[in-house]
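Geometric and topological summary
Chain residues, written in single-letter form:
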Amino acid sequence: MSTVERLGLSRLIEDHGRKFLRYCGVSVVNVITGNGTLLLCLEVFDLHRVLAVLIAWSVSTVPAYLLSRRWVWQQTGANSMRNEVAPFWVLALIGLGFSGLCVWVAGFFTDSSLMLLLVNLGAFGVVWVAKYLLLERLMWGIRLDVEVETV
């Protein structure tokens, strides 16, 4: 690895390391909130699996947005409906659609709440990294291209 590549990698880790760890923390909160709500809807209220996913998504998306904005990307100004809220919810809707489809399909093969929880978790995991990159690139973050001065 060349000096330029090492400097670029060091800069990338410096710029994103703590932020990515905070993003992981928000994801843990989101998984606990979403899957806890999903389990409650499936087991206690005996709701249809797709309705249960919709409710779990609705409950978990609000703290995910607020924590991502304030804690991960440390935004303190007023919320922008066009530049922050709408794009965040579009990304969340993509995750919801994918998760709902996966849970719906899985429901043809199993009635196990544990399996449906795992399918839901896996579906949201698929879009997790892409969501970080999009939030970083389009909304709150720094530019991902690293400029390194040659010595």
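Higher on the page you've got the structure.
This one's a predicted model, so the numbers in the text were calculated from it and none came from an experiment.

Bringing unusual backbone geometry into the picture now. Not every positive phi belongs to a glycine, and D46 is a case in point at roughly 50°. Structurally, D46 can be placed in the loop between α1 (3-44) and α2 (49-72). On the accessibility criterion, D46 (65% relative accessible area) is exposed. The phi dihedral of Q74 falls on the positive side, at around 50°, and the residue is not glycine. Inspection of the secondary structure puts Q74 in the loop between α2 and α3 (81-106). Taking relative accessible area as the criterion, Q74 reaches 49% and is therefore assigned partly exposed.

This next bit is on the packing of α2 against α3. The contact between α2 and α3 brings their axes to 10 Å, and the two run at 150°. Judged on the interaxial angle alone, α3 and α2 are roughly antiparallel. Crossing geometry of α2 relative to α3 is assigned as right-handed. The segment α2 lies against α3, with R49, V50, V53, L54, W57, T61, V62, A64, Y65, S68 and R69 engaging E84, V85, F88, W89, A92, L93, L96, S99, G100, V103 and W104. Split into classes, the residues belonging to the contact of α2 with α3 amount to 15 nonpolar, four polar and three charged.

The full count for this structure, using the stated rule, is two salt bridges. In this structure, K19 engages E136 in a salt bridge whose closest nitrogen and oxygen atoms are separated by 3.1 Å. Of this pair, K19 sits in helix α1 while E136 sits in helix α4 (residues 113-140); the two residues are 117 residues apart in sequence, bridging distant segments of the chain. Residue class for K19 comes out buried when judged on its relative accessible area of 11%. With relative accessibility at 0%, the residue E136 sits in the buried group. R69 is paired through a salt bridge with E84; the nearest N and O atoms lie 2.6 Å apart. Taken together, the residues span a long stretch of sequence, with R69 in helix α2 and E84 in helix α3 at a distance of 15 residues.

Conventions used here
Residues numbered from 1 in each chain as written. Predicted model: local features only at pLDDT ≥ 70, side-chain atom pairs only at ≥ 80, totals over all residues. Heavy atoms only, no water. Helix = DSSP H or I, 4+ residues; strand = E, 2+ residues; numbered from the N terminus. Buried < 20%, exposed > 50% of the residue type's maximum accessible area, 1.4 Å probe, protein only. Axes fitted to C-alpha atoms, helices over the stretch in contact; angles between N-to-C directions. Parallel < 35°, antiparallel > 145°, perpendicular 65-115°, else oblique. Left-handed = near helix turned anticlockwise from the far one by under 90°. Contact = heavy atoms within 4.5 Å. Nonpolar A, V, L, I, M, F, W, Y, C, P; charged D, E, K, R; others polar. Salt bridge = Lys/Arg side-chain N within 4 Å of Asp/Glu carboxyl O.

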